[in-house]
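Remarks on the overall topology
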Amino acid sequence: MGKTHERIDGRLRTFIEAQPLFFTATAPLSGDGTVNLSPKGLKGSFAVLDDSTVAYLDFAGSNAETIAHLRENGRITLMWCAFQGPPTIVRVHGRGEPVFRDDPRFPDLLARFPDIDPGLHGLRAVIVVHAELVRDTCGYAIPYMAYEAERDLHAKRFSREDDASLNAYFTKKEHIATSLDGLPGLPLPLPPSTV
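Every chain's residues receive numbers from 1 upward, in the order its sequence appears when written. With the structure being a predicted model, the display of local features is reserved for residues of pLDDT at least 70 and the display and counting of side-chain atom pairs for 80 or more, all residues being used for whole-chain, interface and lining totals. Calculation of side-chain values draws on the structure's entire complement of heavy atoms; hydrogens and water are dropped beforehand.

**Section: the overall build of the chain**
Looking only at helices and strands, one finds five helices and eight strands in the chain. Moving toward the C terminus, one meets the helices and strands of the chain in the order β-α-β-β-β-β-α-β-β-α-β-α-α. For the chain, the C-alpha radius of gyration of 17 Å lies close to 16 Å, the compact-globule estimate for 195 residues. Reported as C-alpha extents along the three principal axes, the dimensions of the chain are approximately 50 × 40 × 30 Å. A buried classification covers 45% of the 195 residues belonging to the chain. Helix and strand assignments come from DSSP, with helices taken as H or I runs of at least 4 residues and strands as E runs of at least 2, each series counted from the N terminus. Just to be clear, the radius of gyration here is over C-alpha atoms, and the globule rule we use is 2.2 Å times residues to the power 0.38. Per-residue accessibility, obtained with a 1.4 Å probe over protein chains only, is compared with the maximum for each type, and a residue is labelled buried under 20%, exposed over 50%, and partly exposed between these values.

**Some words on the environment of Glu-148**
When you line up the elements, Glu-148 lands in the loop between strand E8 (123-138) and helix H4 (153-158). What makes Glu-148 exposed here is its relative accessible area of 77%. Spatially, the C-alpha atoms of Glu-148 and Ser-62 are 25 Å apart, while their sequence positions differ by 86 residues.

**What to know about the pairing of strand E4 (residues 46-50)**
In terms of burial, E4 is largely enclosed, as four of its five residues are buried. Strand pairing is assigned whenever DSSP detects at least two bridges linking the two strands. Bridge analysis of E4 against strand E5 (residues 53-59) gives four bridges, and the strand direction is antiparallel. Of the residues in E5, the one forming a bridge with Val-48 is Val-54. Taking the residues that link successive antiparallel strands as the turn, the E4-E5 hairpin has two residues.

**Considering the pattern of salt bridges**
Close approach of charged atoms allows side chains with opposite charge to pair. Here a salt bridge means any side-chain nitrogen of Lys or Arg lying within 4 Å of a carboxyl oxygen belonging to Asp or Glu. Summed over the entire model, instances satisfying the criterion amount to nine salt bridges. A salt bridge links Arg-13 to Glu-17; the shortest N-O distance between them is 3.1 Å. Linking Arg-13 with Glu-17, this pair stays in helix H1 (residues 10-18), spanning four residues, or about one helical turn. Glu-17 sits in the partly exposed class, given a relative accessible area of 43%. Between Arg-124 and Asp-58 there is a salt bridge, and its shortest N-O distance comes to 2.7 Å. With Arg-124 in strand E8 and Asp-58 in strand E5, the pair connects residues that are 66 residues apart, well separated along the chain. The network of salt bridges with shared partners includes Glu-97, Asp-103 and Arg-105.

**Comments concerning helix H5 (residues 163-172)**
Each α-helix turn comprises 3.6 residues. Residues three or four places apart therefore point the same way. Turning to H5, its buried residues number three or more, namely Leu-166, Asn-167, Tyr-169 and Phe-170. The buried residues of H5 all sit within an arc of 165° when viewed along its axis, so they share a single face. Relative to its buried face, H5 has exposed residues pointing more than 90 degrees away, namely Ala-164, Thr-171 and Lys-172. Residues are treated as being in contact if the distance between any of their heavy atoms lies within 4.5 Å. Turning to H5, the residues buried within the fold contact E8 and H4. We define a polar contact as two N or O atoms separated by no more than 3.5 Å, with the added condition that, inside protein, one atom must be a possible hydrogen donor and the other a possible acceptor, whereas residues neighbouring each other in sequence contribute only through side-chain atom pairs. Its side-chain oxygen at 3.2 Å from the backbone nitrogen of Ala-164, Asp-162 defines the N-terminal cap of H5. To be clear, the arc concerns the directions from the helix axis to the C-beta atoms.

**Here's the deal with the packing of aromatic side chains**
Two rings from Phe, Tyr or Trp (for Trp, the six-membered ring) form a pair when their centres are within 6.5 Å of each other. A pair whose planes differ by under 30 degrees is stacked, one over 60 is edge-to-face, and the rest are tilted. For the structure on display, the rule yields six aromatic pairs. On the numbers, 5.4 Å between centres and 70° between planes, the contact of Phe-46 with Trp-80 is edge-to-face. Of this pair, Phe-46 sits in strand E4 while Trp-80 sits in strand E6 (residues 75-81), and the two are 34 residues apart along the sequence. Accessibility assignment for this pair places Phe-46 and Trp-80 in one class, buried. Geometrically, a lysine NZ or arginine CZ counts as sitting over a ring once it is within 6 Å of the ring centre and also within 35 degrees of the ring normal. Cation over ring: Arg-157 sits above Phe-158, and NZ or CZ is 4.5 Å from the ring centre. We note Arg-157 situated over the ring of Tyr-169; from NZ or CZ to the ring centre the distance is 4.8 Å.

Structural data, given as structure tokens:
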């Protein structure tokens, strides 16, 4: 049923790169802190960097829980599940970090996402995850569902923003600079982009 893998390659890599949706899970160190689980989409916003490292683009939204948890402790799990084809679930457990727009690594990381225009989505960071445990399991109870199309609402909402208006938007939101549990979230004002 379940199998542990030493690397993200071959069948596993092909599977996760083909999925239009994945989930991220993080939590603060505090035992009574808020566990965060987020769906991630937007075609072209995920990349396998090497056989033990993946990354995804972190776009504007109404909170920054994942960033806050990663800044505090680095723990993250990513999960993909098959809604079509053979029943499969893949989890990557590891350590992650947000690479912000003013980080010298940012331009090279951003180049790994050639099929998406980050300017349309209010790009905040690239989340880099170093895998510590890679497992696949059966997805026998996962229903069949059809992928129809990408939603265009996120791009419509954030494509009209520049750094100044994004900063104003983020400043107004209660859980961008600080998480639900009071942890440091997205550094504000938004760091200028190095690209």
